[in-house]
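Observations on the model geometry
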2 protein chains.
Amino acid sequence: MSSEPKCLQISPIKNGTVIDHITAGEAFNVLRILGITGTTEERLSVATNVVSRKSERKDIVKIENRELRKEEVDRIALIAPNATINIIRNYLVFEKKGVDIPEILHGVVRCPNPGCITNTREPIQSRFEVTAKGLHCLYCDWYLTEDIAGHII
Amino acid sequence: MSSEPKCLQISPIKNGTVIDHITAGEAFNVLRILGITGTTEERLSVATNVVSRKSERKDIVKIENRELRKEEVDRIALIAPNATINIIRNYLVFEKKGVDIPEILHGVVRCPNPGCITNTREPIQSRFEVTAKGLHCLYCDWYLTEDIAGHII
């Protein structure tokens, strides 16, 4: 096992996207935001609660052969604001970007108000404005201030 | 990157449990069976749709510093009957075991019958008998024959 310490927790990928510096423990919520739940066809590597160089814990998600778009990754900012997105081509970082919290969230988060029209059988997607006070439902004025991860659709 | 091919997709762990040979794409359902969803404190490594030596795809889950018990892992047999469980101590395989489908499942699977007493507000856990025809609800006689992963509680 002498070579073990040289290996990374999860190995580099040839092509795809690496989401690094995810808030510790939030990797599965990040995957949920990306629509990856249950049985999957994706080639993924996930590591949770990894001790990083700065002795802080973090999660990492690697998705092979898929380059995530900016709109897809910005949703991640809701639960992992320090995440960085690395687009990998032929083992090299082709593009590196942070995540920015979008101003408006369409169909990302479920409104906690059971009476909200978005929770009825009407074909209406939820629509939240991101404010300093929390996520503001543009239909019923409810503010979602905690457990955002638990309300992701 | 010359040393890259020698690295495994996810690196060995010092102590804990490795669940290997999981049916390709089912790793997140395996985690759900183990109660690991959403935000987690566990140190996990997950790889999905890995090409194994036999050129077949499989998933792998590594859980550090936790040794899964036989009862916990047997539930995994429902969706990944070829999975193997390796208990790791100091980087070595201390114990290796297959998974056996339990005869009776308590509170593992939700009955698809909306009228079943286990789907009412009564404090009754689901109870299925595992038969050749599928999972047989011992309360309402319903047979669950497909999408078992989607019915895991």
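Read on for an overview of the structure. Since we're looking at a predicted model, the values are computed, not measured.

**So, the side chain of Lys62(A)**
Residues and elements named next belong to chain A. As for its position among the elements, Lys62 is in strand E3 (residues 57-64). For Lys62, which is buried and forms no salt bridge, the nearest opposite charge comes from Asp20, at a distance of 7.6 Å. Ignoring sequence-local partners within four residues, the contact set of Lys62 consists of Ile10, Ser11, Pro12, Ile13, Thr17, Val18, Arg43, Leu44 and Ser45.

**Here's the deal with the interface of chain B and chain A**
Facing 31 residues of chain B, the contacting portion of chain A comprises 31 residues. A combined buried area of about 2,600 Å² lies between chain B and chain A, and 47% of that area is made up of carbon and sulfur atoms. Counting across the chain B and chain A interface gives zero salt bridges. There are 19 residue pairs in polar contact (both at pLDDT 80 or more) connecting chain B and chain A. Elements represented by at least two residues in the side of chain B that touches chain A include exactly helix H1 (27-33), strand E2 (44-51) and strand E3 (57-64) of chain B.

**Examining the relation of the copies chain B and chain A**
Placing chain B over chain A gives an RMSD of 0.0 Å and needs a rotation angle of 180 degrees, together with 0.0 Å of translation along the axis. Given the turn and translation reported, the copies of this chain are related as if by a two-fold rotation axis. A share of 100% of interface residues in chain B that are also interface residues in chain A marks the association as one of identical surfaces.

Thresholds, definitions, all that
- Residues numbered from 1 in each chain as written.
- Chains lettered and ligands numbered in written order.
- Predicted model: local features only at pLDDT ≥ 70, side-chain atom pairs only at ≥ 80, totals over all residues.
- Heavy atoms only, no water.
- Helix = DSSP H or I, 4+ residues; strand = E, 2+ residues; numbered from the N terminus.
- Buried < 20%, exposed > 50% of the residue type's maximum accessible area, 1.4 Å probe, protein only.
- Lys, Arg positive; Asp, Glu negative; His and termini not counted.
- Salt bridge = Lys/Arg side-chain N within 4 Å of Asp/Glu carboxyl O.
- Contact = heavy atoms within 4.5 Å.
- Buried area = accessible area lost by both parts, 1.4 Å probe.
- Polar contact = N/O pair within 3.5 Å; in protein donor to acceptor, adjacent residues only side chain to side chain.
- Least-squares fit on C-alpha atoms with pLDDT ≥ 70 in both.

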